[in-house]
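Tertiary structure, described
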Amino acid sequence: MILSAIAAKLKAAGCEVIRSEKMSGKSADDRPELATVMQFLREGDELVVVRLDRLGRSTRDVLNLVHELDQKGAALRILDPELTTGGDVGRIVVTVLGMVAEMERKFILERQRAGIEAAKAADVYAGKGRPRSVPEEEIRRHAAGEGPTAIARALGISRRSVYRALKDVAAA
């Protein structure tokens, strides 16, 4: 599992306490694990992350976190690439990497927008970012007396997808 590989890297780096969070790194807001970690860091501590983009994808957020760590007398250590904010060169590199992560986030959003536009042009955009998993003719099968369970089995999808499609058709 990926999480255990990350935990192994962190343990190999000497981490005693490992916290994880499934929130997006696009913003430092609404990240309870990060807030907890920042609250408990003390002078001489080191916050270790595998990659900088896991900490944040906003240059401002990353720099604010580094500044908060400096205020506490703590440092940030990144394992890939190996660097620390304990020195001036590390701070410069973290700033540049933060800018790259933010740029990468913008590229991801641009590709996502392009994909949505292409899906809309192909009439497969369902409005919530995923293509329709149940074609119209399958919904007609339901209207002809075949149940959602049979449709789901025939298509190899969940019943929930079938019910969602039925709801979308009823709403239209």
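So, how was this worked out
Residues numbered from 1 in each chain as written. Predicted model: local features only at pLDDT ≥ 70, side-chain atom pairs only at ≥ 80, totals over all residues. Heavy atoms only, no water. Pairing = 2+ DSSP bridges. Helix = DSSP H or I, 4+ residues; strand = E, 2+ residues; numbered from the N terminus. Salt bridge = Lys/Arg side-chain N within 4 Å of Asp/Glu carboxyl O. Buried < 20%, exposed > 50% of the residue type's maximum accessible area, 1.4 Å probe, protein only. Core = buried A, V, L, I, M, F, W, Y, C linked by side-chain atoms within 4.5 Å.

1. Things to note about the sheet that holds strand β3 (residues 83-84)
Strand order across the open sheet formed by three strands is β1-β2-β3, with mixed pairing between neighbours. The sheet is open, and its two edges are formed by β1 (46-49) and β3, each paired on a single side. Pairing analysis gives four bridges linking β1 to strand β2 (residues 75-78), with the strands arranged parallel. Pairing of Val-48 across the sheet is with Arg-77, part of β2.

2. Regarding unusual backbone geometry
With omega at 0°, the peptide bond leading from Asp-80 into Pro-81 counts as cis. Within the secondary structure, Pro-81 sits in the loop between β2 and β3.

3. Remarks on the pattern of salt bridges
Under the definition given, this model contains four salt bridges. One salt bridge connects Glu-33 with Arg-19, and the closest N-O pair in it is separated by 2.6 Å. Of this pair, Glu-33 sits in helix α2 (residues 32-40) while Arg-19 sits in the loop between α1 (2-12) and α2, placing them 14 residues apart in sequence. Classification of Arg-19 as partly exposed rests on a relative accessible area of 44%. Through salt bridges that share partners, Glu-46, Arg-77 and Glu-82 make up one connected network.

4. Looking at the nonpolar core
Core analysis: the largest hydrophobic core is formed by 17 residues, its most contacted members being Leu-47, Leu-55 and Leu-76. If you list the elements that add at least two residues to this core, you get α2, β1, α3 (52-55), α4 (59-72) and β2. Per-element tally for this core: the top contributor is α4, with four residues.

5. A look at the pairing of β2
Burial along β2 is two-sided: the face carrying Ala-75 and Arg-77 and the face carrying Leu-76 and Ile-78 are both buried. Between β2 and β3, which pair antiparallel in sequence order, lie four residues.

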